[in-house]
Amino acid sequence: MKYPSLALAAALSALAGGAAQAQTEVTVLRVAVNDEQQAYLEQIAEAFEAQNEGVTVSFEYVANEAYKSRLPTLLQSDARPDVFYSWGGQTVVEQVEAGFLQPIDALLPEGFADTIPEAGLQAYMVEDQLYGLPQYATEVVFWTNTALTDQAGVDIEAIESWDDFLAAVQQLKDAGVTPIVAGGQDKWPLHFYWSYLALREGGPSVITDAMAGETGGFENEAFIAAGREFQRLTELEPFQPGYIATTYETASGMFADGAGAFHLMGDWDYLPMRERSTSGEGLPDDQLAILSFPAVTDPVAPGGEAATLGGINGWAVSNSAEPEAVEFLAFMMNAENQREAGRQELFIPIAEGTADEMENPFYIEVAEHIAASSFHQIFLDQFLGASVGATINDISADLAQGVMTPEDAAAQVQEAWDFR
Amino acid sequence: MTHAADPRLSARARLRRALSNGRVTAVLILLPPALILFTLFVMLPLGESAWFSFFNWNGYGAPEDFVGLDNYERILGHSVFHTAAGNTLKIVAISLVVQMPLALFLALLIYRKTPTNALFRLVFFLPYILAEVAAGLIWSFVFDGNYGVTASIAQGLGFENVFILSDPDWAFAAIMTVIVWKYFGFHMMIYIAALQSVPEDQIEAARIEGARRTQVVRYVQIPHIRPAIAVSAFFAIIGALQVFDVIIPLTNGGPSNQTHTIVTYLYTFGLTRLNIGFGSAVGVILFVGAVTVAIFYQRIFMKRTEA
């Protein structure tokens, strides 16, 4: 009897010891990024592993579209990642409702959430509980080729209202310059127009009100006015010929090649557009400017002029993640790492006061915009979930081509929202 | 041979005989792999998607929101689905009316075994070997109104640049051109194989009787290869129902959702929008359509040609 109990004790202690030293693996799934960003993330993972013995962090990268379609299946399998890339908004709500995420408030270091602006946290909150963290914010702006606007005698400093902008478009056309390049085949670049106009027309709460079914939902006058104003632009035929069969990547390269004066796109396009240009160099910085989306005169509801549209991208934590996963997330998002990302100009860090080492004038400008924004609306095609989002992309393309009325467009979005 | 099924033999005797001549063993060994694979990867997913099609489900968690036939109702009332179904029928028609005659014509020109013919065969067959997505991308460059071949032609003729793929009226015609280009080689190969097996003496006999080339084709060769034509038409129809990967790189279903087929419709409105229930319902409709076509086609055409 003595020996077996000894053996049992040995086995138990071995087990316990094993557990103490067992490797905890934190798996992180991210939409594919460029080499610099990947190196940045791997470096953070290594630093974390060095500080936390027994924890390994492994990143996996999946291409953008594949990521979106694979994630729901992955989350239901045993191979679900602990931490995964997210655009926040309705998708997070749906994931929480399905029970795939875990609240992380209690697992974060004391006071950590205070370092991140409230608007950023909101994107990962469902019913006052935090399910992830934002990493960076992006803003959609009119990238402007000042060589072309100068050539046509357009002073972009003077563009304040939508009417000013339309006049500038006409002036560019008259001067024989393509006013705007757009990647219409992908549709989402066109949805920026409708979204921004809806924000400007309906004020900062226009989307959340519509989601709550208030004031006519998505058939509210502001959305119809947005469609109408968008069509005032498209009736001028402002885009490059064949824009509806042009992809975002092509359009971005065309803008960098000087094929048009404006390109409504996120700040993230700064480096990629150069890589996509014919020369590989793109436009020099002194021919490039940023123009905020202009305000509308006489909006349906006030307050929309200072709102911004963009992304609040970050990370969500799945229900099966160990506490170490949240520790890693907090580590990845600490001030030092955020500042480093800003210094390397990988993205504009969201944590307060960490964007101070950026030198790129465009990133600094965008960071100032976002900081000064009265409300930062996440891209509607992400914010409202896959189905309603795709509908908004569809109606934006149809409005641009003049094959749909603003009223029908608003009704289709409402229908998609009702049946989501 | 007949005594295996002799009713006078007792069941036991039959079983013993079957065991001893190895039939049961053969069935026991050979059937399970196919049966299991078919059940796991064909029947089960089919059943599942039929089940999902009754739910409004975004793919997260288990389907819970039972909506009955709502998905089917929405699909049948959706104008884009009507366009997609119409486009699919257009592809069937173009395959039967343009692609197959073209393939037959070329097959008749090059079916004899000579070195030059072998070269032509290879050239005509090349598009078929090419991956669909690659073909779509290549053609999207051809149709590009700024830099593509179309642009050069338009400029050469002094026209304004044309953007075929962004024109709702012409985009689908462009897609059908690519489909004909992509698949005629496959049908041509079927015909070539069949034409080579037409007895040479019959053709010679017809010639001696004074038949012209067209008459030889009309009365000797085509009747001989009718089974091959029936098979190729069957492939053309089933293939047309499945067109997907050529369209995605060319137009992605646009402009204004005018160039969807049923499959790209399923993908766009079901998968990318995470309306898994809705997409499943489209899948069920497509499946029923394909099976109906297959059964009727087998019953009507394949039988007659065999007889």
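Parameters at a glance
Residues numbered from 1 in each chain as written. Chains lettered and ligands numbered in written order. Predicted model: local features only at pLDDT ≥ 70, side-chain atom pairs only at ≥ 80, totals over all residues. Helix = DSSP H or I, 4+ residues; strand = E, 2+ residues; numbered from the N terminus. Buried ≥ 20, exposed ≤ 12 C-beta atoms within 10 Å, placed from the backbone. Contact = placed C-beta atoms within 7 Å. Rg over C-alpha atoms; globule rule 2.2 N^0.38 Å. UniProt positions renumbered as here; feature names shortened; annotations may be inferred. Nonpolar A, V, L, I, M, F, W, Y, C, P; charged D, E, K, R; others polar. Domains from an automatic or database assignment. Expected span 1.5 Å × (residues − 1). Bend = angle between axes of the 7 residues up to and from the residue. Pairing = 2+ DSSP bridges. Core = buried A, V, L, I, M, F, W, Y, C linked by C-beta atoms within 7 Å. Arc of directions from axis to C-beta. Right-handed = clockwise from strand over helix to strand, strands pointing away. Axes fitted to C-alpha atoms, helices over the stretch in contact; angles between N-to-C directions. Parallel < 35°, antiparallel > 145°, perpendicular 65-115°, else oblique. pLDDT = per-residue confidence, 0-100.

1. A word on the overall build of chain A
Consideration 1: Scanning chain A from N- to C-terminus turns up 18 helices and 10 strands.
Consideration 2: With the principal axes as the frame, chain A shows a C-alpha extent of 100 × 45 × 35 Å.
Consideration 3: Put simply, chain A has 420 residues, and 49% of those count as buried.
Consideration 4: Put simply, of all contacts in chain A between residues at least 6 apart along the chain, 77% involve residues at least 24 apart.

2. As for the overall build of chain B
Consideration 1: Check the secondary structure of chain B and you find 14 helices and 0 strands.
Consideration 2: Scanning chain B from its N terminus toward the C terminus, one meets helices and strands in the order α-α-α-α-α-α-α-α-α-α-α-α-α-α.
Consideration 3: Relative to a compact globule of 307 residues, whose C-alpha radius of gyration would be 19 Å, chain B shows 25 Å and is clearly more extended.
Consideration 4: Seen through its C-alpha atoms, chain B measures out along the principal axes to roughly 85 × 75 × 30 Å.
Consideration 5: Burial statistics for chain B: of 307 residues in total, 31% are counted as buried.
Consideration 6: Taking all contacts inside chain B whose residues are at least 6 apart in sequence as the whole, residues at least 24 apart take part in 66%.

3. Examining the UniProt feature "transmembrane region" (unreviewed entry) in chain B
Residue and element names in this part refer to chain B.
Consideration 1: In this numbering, the UniProt entry assigns the feature "transmembrane region" (unreviewed entry) to residues 24-46, 91-111, 118-142, 170-194, 228-248 and 276-297.
Consideration 2: Summarising residues 24-46: 100% helix, 0% strand, and an end-to-end C-alpha distance of 30 Å.
Consideration 3: For the annotated span residues 170-194, helix accounts for 96% and strand for 0% of the residues, and the straight-line distance between the end C-alpha atoms is 36 Å.

4. Notes on the interface of chain A and chain B
Interface size is often expressed as the accessible area that is lost when the parts come together.
Consideration 1: Each partner contributes to the interface: chain A provides 20 residues, whereas chain B provides 21 residues.
Consideration 2: Those elements that provide at least two residues to the side of chain A that touches chain B are α3 (64-76), α4 (90-97) and α17 (385-400) of chain A.
Consideration 3: In terms of residue count, the dominant contributor to the side of chain A that touches chain B is α17(A) (6 residues).
Consideration 4: Here the side of chain A that touches chain B is built from residues that sort into 10 nonpolar, 7 polar and 3 charged.

5. Comments concerning the domain arrangement of chain B
Consideration 1: Entries for chain B in the domain assignment read domain 1 (2-39) and domain 2 (70-306).
Consideration 2: The distance between the C-alpha centroids of domain 1 of chain B and domain 2 of chain B comes to 43 Å.

6. Here we look at the UniProt feature "domain: ABC transmembrane type-1" (unreviewed entry) in chain B
Consideration 1: Listed under "domain: ABC transmembrane type-1" (unreviewed entry) in the UniProt record, and renumbered for this structure, are residues 85-297 of chain B.
Consideration 2: Annotated as residues 85-297 of chain B, this span is 75% helix and 0% strand, and its ends, taken at the C-alpha atoms, are 19 Å apart.

7. Notes on the domain arrangement of chain A
All names here are of chain A.
Consideration 1: Entries for chain A in the domain assignment read domain 1 (25-138 + 310-372) and domain 2 (139-309 + 376-418).
Consideration 2: The distance between the C-alpha centroids of domain 1 and domain 2 comes to 27 Å.
Consideration 3: Looking at the side of domain 1 that touches domain 2, the elements with two or more residues in it are α4, β6 (132-145), β9 (307-317) and α15 (361-372).
Consideration 4: Looking at which element gives the most residues to the side of domain 1 that touches domain 2, the answer is α15, with 6 residues.

8. Considerations on helix α2 (residues 23-52) of chain B
Consideration 1: Over its 30 residues, α2(B) extends 40 Å from the first C-alpha to the last, a length consistent with the 44 Å expected when each residue adds 1.5 Å.
Consideration 2: Of all the bends in α2(B), the largest measures some 40° and sits at B:Thr39.

9. Thoughts on the pairing of β9(A)
It is a general feature of regular strands that their side chains alternate between the two faces of the sheet.
Residues and elements named next belong to chain A.
Consideration 1: In terms of burial, β9 is a largely internal element, 11 of the 11 residues being buried.
Consideration 2: In terms of strand pairing, strand β3 (residues 83-86) meets β9 through 4 bridges, oriented antiparallel. Following the sheet pairing, Phe-84 is matched in β9 by Ala-316.
Consideration 3: In terms of strand pairing, β6 meets β9 through 7 bridges, oriented antiparallel. Each bridged residue has a counterpart across the sheet, and for Glu-139 the counterpart in β9 is Gly-310.

10. So, the nonpolar core
Consideration 1: Among the nonpolar cores identified, the biggest contains 174 residues, and A:Val83, A:Tyr131, A:Val317, A:Leu329, A:Val413, B:Ile175 and B:Tyr191 are the most heavily contacted of them.
Consideration 2: Ranked by residue count, the leading element in this core is helix α8 (residues 171-196) of chain B, at 14 residues.
Consideration 3: Setting aside chain neighbours within four positions, we find A:Leu329 in contact with A:Val83, A:Leu133, A:Trp315 and A:Val317.

11. Some remarks on α15(A)
Residues and elements named next belong to chain A.
Consideration 1: In this model α15 runs 16 Å from its N-terminal to its C-terminal C-alpha over 12 residues, within 8% of the 16 Å that 1.5 Å per residue would give.
Consideration 2: When α15 is considered as a whole, its buried residues turn out to be Val-366, Ala-367, His-369 and Ile-370. Each buried residue of α15 sits inside an arc of 155° when the element is viewed along its axis, so together they form one side. Across from the buried face of α15, at angles greater than 90 degrees, the exposed residues are Pro-361, Glu-368 and Ala-372.
Consideration 3: Looking at the buried positions of α15, the neighbouring elements they touch are β6, β8 (288-291), β9 and β10 (375-378).

12. What about the pairing of strand β1 (residues 24-31) of chain A?
Residues and elements named next belong to chain A.
Consideration 1: Here β1 runs beside strand β2 (residues 55-62); their pairing, made up of 8 bridges, is parallel. Bridging from a neighbouring strand, Thr-24 pairs with Val-55 of β2.
Consideration 2: For the crossover from β1 across helix α2 (residues 35-51) to β2, the handedness is right-handed.
Consideration 3: As paired strands, β1 and β3 are joined by 2 bridges and run parallel to one another.

13. Side note on unusual backbone geometry
Consideration 1: Phi angles above zero are rare outside glycine, and A:Lys187 is one such case at about 65°.
Consideration 2: Along the chain, A:Lys187 turns up in the loop between α7 (162-174) and α8 (188-202).
Consideration 3: Judged by the 24 C-beta atoms lying within 10 Å of it, A:Lys187 falls in the buried class.
Consideration 4: Phi is positive for B:Ser256, close to 55°, though the residue is something other than glycine.
Consideration 5: In this fold, B:Ser256 is placed in the loop between α12 (247-250) and α13 (262-271).

14. Let's talk about the packing of α17(A) against helix α18 (residues 406-418) of chain A
Residues and elements named next belong to chain A.
Consideration 1: Close contact between α17 and α18 brings their axes to 9 Å; oriented N to C, the two are set at 170°. Classified by the angle their axes make, α17 and α18 are roughly antiparallel. Contacts between α17 and α18 pair Ser-387, Val-388, Thr-391, Ile-392, Ile-395, Asp-398 and Leu-399 from the former with Pro-406, Ala-409, Gln-412, Val-413, Ala-416 and Trp-417 from the latter.

15. As for the confidence of the model for chain B
Reading predicted coordinates in detail is not appropriate for stretches of low pLDDT.
Consideration 1: When pLDDT is averaged along chain B, the result is 89, and 95% of the positions lie at 70 or above.
Consideration 2: Predicted as a complex, the structure gets a pTM of 0.79 and an ipTM equal to 0.71.

16. What about the environment of A:Val92?
Residues and elements named next belong to chain A.
Consideration 1: Positionally, Val-92 belongs in helix α4.
Consideration 2: Residue Val-92 is classed as buried on the basis of its 23 C-beta neighbours within 10 Å.
Consideration 3: In this structure, the C-alpha to C-alpha distance between Val-92 and Met-125, residues 33 residues apart in sequence, is 8.1 Å.

17. Details of the environment of B:Thr268
Consideration 1: By the secondary structure assignment, B:Thr268 is in helix α13.
Consideration 2: When neighbours within four sequence positions are excluded, B:Thr268 is seen to be in contact with B:Gly253 and B:His260.

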